Amino acid sequence: MILPRLVACTLPAWLVLALALAAAPPAALAQDPPPDEPGIAEPAPAPAPAATDEAEAEVAAEDAVPETVAPQPQARARAVSADGQRLPDPVETRHAIETPAGELAFVARAGVLTLTADDGREEADIAYTYYRLEGADPDTRPVAFVVNGGPGAASAYLQLMALGPFVLEFPDGAVIPSRRPDLVENPDTWLAFTDLVFVDPIGTGFSRLVGPTDRLRERYLSMDGDIAALAAFVTRFTLREERLASPRFFVGESYGGFRGPRLAERLQREEGMALSGLVLVSPVLDFGFREGSQASPLPRMALLPSVAAAAMEKAGGIDRAALAAVEDYARTEFVVDLLAGLSDEDALSRIVARVTQITGLPRDLVRAHAGRLDLRTVARELYREEGRIASLYDANVTVPDPAPGAAFPRVRDPVLDGLTGPLTAGAQRLYREKLGFAPERPYLVLNGSIARAWRYGEGRASPNSFEALASAMALDETMRTLVVHGLTDLVTPYFESELILRQLPAAIAARVRLENYPGGHMFYTRAESRRAFTDAARALFEGSEW
């Protein structure tokens, strides 16, 4: 996923991110939300068509339920979870899809892996979806563990919009909450070059704590406890599926990208399950970089090129050479004039003139902000003349301004909130209609209670995963990392990652590739960007030269 929505606040930015995910009423942590929590009700399975004779009855039955492989039996009955329900036994189904490279025949398993305490008590059900190509050698075939972010977001974003064999259609990249959630075969699925394991962290998707206590909540709903749980999942899954010889990769989006380096380091240090590579999608690598007060130039340096890209796209198209010039300005003259301070009139005049030119925003507005634009101001003002407000997650996706005269209008984000309905319904259709897996509980695409409860650790230091990335890649000199961003994402600006990654030593930086595509936080809703992303990932997984 998806980082939480930012709010205007004097709190540290990393704490603001944790506190302000999707607006949702309080719910019991890691349990099902109350009935009025936003989302789409779980649909009942479609009935099989009536059959007029025995032969037609057989055809109807085959159409109603996917072809199944014998599910793995449970060793014993599982304890009742906090919501009074447990997930069904794993179900395997066989499928085949057509891709530009030919037919892909694969087995899909929707199931659950239960984490236990040292004394054997069950603590958490982790739901997952495993896609395995039929006939491939598991000793050489890669396997990728895929997680979204939030914290509090399910893996549906990457599974149903980018990597999985079945995806939702978004014609022209448009996000429409009420659009019919039709699933189509994905010509760009990563199943062409790796097996896929989509993992829903606790409190997301179908995953829940079992009999949660305050102690369990504090442990699992925390930065370190989350990484420990993911590491345990990767280790147990690898052993159970006999994938010890397989090259293992991790794919994480947004806060999932923050998880990646920390997970890689823990797997090396604690589990002996080293990863071959990381794919970090729209990640935050260092919350401290963006935590700065009004006096810090770093967040403004990082944001300006994304605002420039949004203005260019609004005007007709992104000029990469012109955007490179903005990047050079942001890290040189711009930061020098920012550091000169508000009392230096010459520096202030230079900033106002150049930022006005770059963004196309009114000079009076830029002057009122002293050239120091924040993402919410950009989202509100970029399309004000058109009477619209832009998404923080893609500045060129807009909705009508519901209150043009209000300083802070009540408006839901057209990307983050707009995707919740289609993804929730799409996930239920995938599990019920294609995978034959029908838990009696909602599928939580976004769970705001998780973000509100999240603990980032003790002490004054802001959390970062940059140091873990450097550490893991220094220990393993064959490990490679792909970092990808959307150019018009205001929440995790691409230039922020570029500035941070420049601090890696040359020997490590040579194994890190940064790619920026048209689009926002979920740039893969655009077909061309999704294809380019797939090509870059294939090069990583296949060990091609960068």
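Overview of the structure. Please read all numbers here as calculations on a predicted model, not as lab measurements.

1. Notes on the pattern of salt bridges
At step 1: With the rule as written, the count across this model stands at 29 salt bridges.
At step 2: We note a salt bridge from arginine 94 to glutamate 134, for which the minimum N-O separation is 3.2 Å. Residue arginine 94 is found in strand β2 (residues 91-99), and its partner glutamate 134 is found in the loop between β4 (122-133) and β5 (143-147); the two are separated by 40 residues along the sequence.
At step 3: In this structure, glutamate 381 engages arginine 384 in a salt bridge whose closest nitrogen and oxygen atoms are separated by 2.8 Å.
At step 4: One salt-bridge network, in which partners are shared between bridges, spans Glu92, Arg109, Arg240 and Glu241.

2. Observations concerning the pairing of strand β8 (residues 195-199)
At step 1: Within β8, five of the five residues are buried, which leaves the element mostly enclosed by the surrounding structure.
At step 2: Burial of the side chains of β8 extends over both faces: Asp195, Val197 and Val199 are buried on one face and Leu196 and Phe198 on the other.
At step 3: Taken together, the four bridges between β4 and β8 define a ladder with antiparallel strand orientation. Within the sheet, the bridge partner assigned to tyrosine 128 lies in β8 and is valine 199.

3. So, the side chain of asparagine 186
At step 1: Here asparagine 186 lies in the loop between β7 (183-185) and β8.
At step 2: On the basis of relative accessibility, which here comes to 0%, the residue asparagine 186 falls in the buried class.
At step 3: One polar contact links the side chain of asparagine 186 to the main-chain amide nitrogen of aspartate 188, over a distance of 2.9 Å.
At step 4: Once residues within four sequence positions are removed from consideration, asparagine 186 is found in contact with Ile97, Thr99, Ala162, Leu163, Gly164, Pro165, Phe166, Val167 and Arg530.

4. Some thoughts on unusual backbone geometry
In most cases, non-glycine residues show a negative phi, while peptide bonds are predominantly trans.
At step 1: With an omega of -5 degrees, the peptide bond between glycine 150 and proline 151 qualifies as cis.
At step 2: Residues other than glycine seldom take positive phi values, yet serine 254 does so here, at roughly 60 degrees.
At step 3: If you trace the backbone, serine 254 turns up in the loop between β10 (248-253) and α6 (255-271).
At step 4: The class for serine 254 is buried, based on a relative accessible area of 0%.
At step 5: The backbone phi angle of alanine 370 is positive, close to 55 degrees, even though this residue is not glycine.
At step 6: For alanine 370, the location among the structural elements is in the loop between α12 (363-368) and α13 (375-381).

Quick notes on the rules
Residues numbered from 1 in each chain as written. Predicted model: local features only at pLDDT ≥ 70, side-chain atom pairs only at ≥ 80, totals over all residues. Heavy atoms only, no water. Salt bridge = Lys/Arg side-chain N within 4 Å of Asp/Glu carboxyl O. Helix = DSSP H or I, 4+ residues; strand = E, 2+ residues; numbered from the N terminus. Buried < 20%, exposed > 50% of the residue type's maximum accessible area, 1.4 Å probe, protein only. Pairing = 2+ DSSP bridges. Polar contact = N/O pair within 3.5 Å; in protein donor to acceptor, adjacent residues only side chain to side chain. Contact = heavy atoms within 4.5 Å.

These figures capture arrangement, not role.
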